[in-house]
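Descriptive analysis of the structure
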Amino acid sequence: MDDLKQKYLDAIAGAADEAALETLRVQAVGKKGEISLKMRELGKMTPEERQVMGPALNALKDQINDALALKKAALGDAALNERLKTEWLDITLPSRPRRQGSIHPVSQVTEEVTAIFADMGFAVAEGPQVEDDWHNFDALNIPPEHPARQEHDTFYMHRAAGDNRPPHVLRTHTSPVQIRAMQDQGAPIRVIAPGRVYRCDYDQTHTPMFHQIEGLAIDRDISMANLKWVLEEFFTAFFGTSVKTRFRASHFPFTEPSAEVDIQCSWQDGTVKVGEGNDWLEVLGSGMVHPNVLRSAGVDPDEWQGFAFGIGIDRLAMLKYGIPDLRAFFDSDLRWLRHYGFAALDMPTLHGGLSR
Ligand code: PHE
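1. Description of the domain arrangement of the protein chain
What the domain assignment reports for the protein chain is domain 1 (2–86) and domain 2 (104–343). Distance between the C-alpha centres of domain 1 and domain 2: 90 Å.

2. Observations concerning the site of the ligand
Residues in close proximity to the ligand total 14 residues, the closest being His 173, Ser 175, Arg 199, Gln 212 and Gly 310. For the ligand, a nitrogen atom lies 3.0 Å from a polar atom in the side chain of His 173. Within the side chain of Arg 199, a nitrogen or oxygen atom sits 2.8 Å from an oxygen atom of the ligand. For the ligand, the protein covers 92% of the area, taking 330 Å² as the surface of the free molecule. A majority-of-atoms criterion places the ligand in the largest pocket. Among the secondary structure elements, those contributing two or more residues to the shell around the ligand are strand S5 (209–219), strand S9 (279–289) and strand S10 (305–312).

3. Observations concerning the environment of Ile 222
With respect to the element layout, Ile 222 can be found in the loop between S5 and helix H9 (224–239). It is 8.5 Å that separates the C-alpha atoms of Ile 222 and Trp 304, two residues lying 82 residues apart in sequence. For Ile 222, the residues in contact, after removing those within four places along its chain, are Ala 217, Met 288, Gln 305, Gly 306 and Phe 307.

4. Brief notes about helix H1 (residues 2–14)
The end-to-end C-alpha separation of H1 is 18 Å, in line with the 18 Å expected for 13 residues at 1.5 Å each. Those residues of H1 that fall on the buried side of the exposure criterion are Leu 4, Tyr 8 and Ile 12. Along the long axis of H1, the arc covered by the buried residues comes to 60 degrees, so they all point the same way. Turned more than 90 degrees from where H1 packs its buried face, Asp 2, Asp 3, Ala 13 and Gly 14 sit exposed. Looking at the buried residues of H1, the elements they touch are helix H2 (18–29), helix H3 (34–40) and helix H4 (47–86).

Scoring rules and cut-offs
- Residues numbered from 1 in each chain as written.
- Predicted model: local features only at pLDDT ≥ 70, side-chain atom pairs only at ≥ 80, totals over all residues.
- Heavy atoms only, no water.
- Domains from an automatic or database assignment.
- Near = heavy atom within 4 Å.
- Polar contact = N/O pair within 3.5 Å; in protein donor to acceptor, adjacent residues only side chain to side chain.
- Areas by Shrake-Rupley, 256 points an atom, 1.4 Å probe, with all protein chains shown as cover.
- 1 Å grid on protein atoms, 1.4 Å probe; cavity = no way out; pocket = protein on both sides within 12 Å on 5 of 7 lines; lining within 4 Å.
- Sits in = over half its atoms within 2 Å of the grid points.
- Helix = DSSP H or I, 4+ residues; strand = E, 2+ residues; numbered from the N terminus.
- Contact = heavy atoms within 4.5 Å.
- Expected span 1.5 Å × (residues − 1).
- Buried < 20%, exposed > 50% of the residue type's maximum accessible area, 1.4 Å probe, protein only.
- Arc of directions from axis to C-beta.

What follows is the structure in structure tokens.
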């Protein structure tokens, strides 16, 4: 029995892997293993012999099983260590660089403009891009046969056959938000309304979709002088220096009197520069809100008056950041965005500086 024990303990100690160990287990203590067969012979023994051999065989079996279990664990550890050596990973290495997205100049400028007007006490108002005919035109003193309707190059929404109501439109300006804001809040009111607008027009400075910020200030004694001050204050803050502006007498059905404002700029070698040169870029329309507009929004024109303006955001972005072609704004070309875009954490604030 001692020989048998030594034979198996040596073999187990020398087993190279788990498969060899399993073979040894079957040979020794498997159903037909050497030790199992010996245990079967117990039945043929005399009671005296059995009393000696029984416990001895059981002890042997236990020892072999223990040795098998220990070796199995040792082999498992060794295999794991071997694997860990090849699957080693340095978690202190820096990760692979990932490209960061950037903020589109239109978003950036919208934030900048909003920050400046918020500082002057203007709240933000919103309205739908698919607008009804009344808010986009009638309420703004543009009746159905008015020539201004043709000038707007309007996109009309589809109407079901037999539906004779005036079709909804893609809003041609942010001015309908003036009406909605006054209907909601009444007077006095001071709001700006940034958003997308649509006109069927396409060249270097026009795209069928573009962005405006509407401004509206109504109180008892607001005048054209306040308008001019607010706009000049705005331009100085926006461009970080005073820039030459040109207020031109103009006409809008929804303001009286009306003024358009241009900014001095030059176009050279594919770049546009603000504050120099002999060119002017029109950036906004403005004026004193027409009494008919106040009336249609439920505000009494005998009691209230004020100004409104509509700024082209994309134009401002072109001027401030020297971007020559408006069409590229909406091409979704990532190379363009990486060049003209802004880091995500560069959000403009008045105290932090408005530009990079
Ligand atoms: N809605 C005008 C436009 O899109 C701009 C404007 C707004 C003019 C407010 C006057 C007052 O051209």
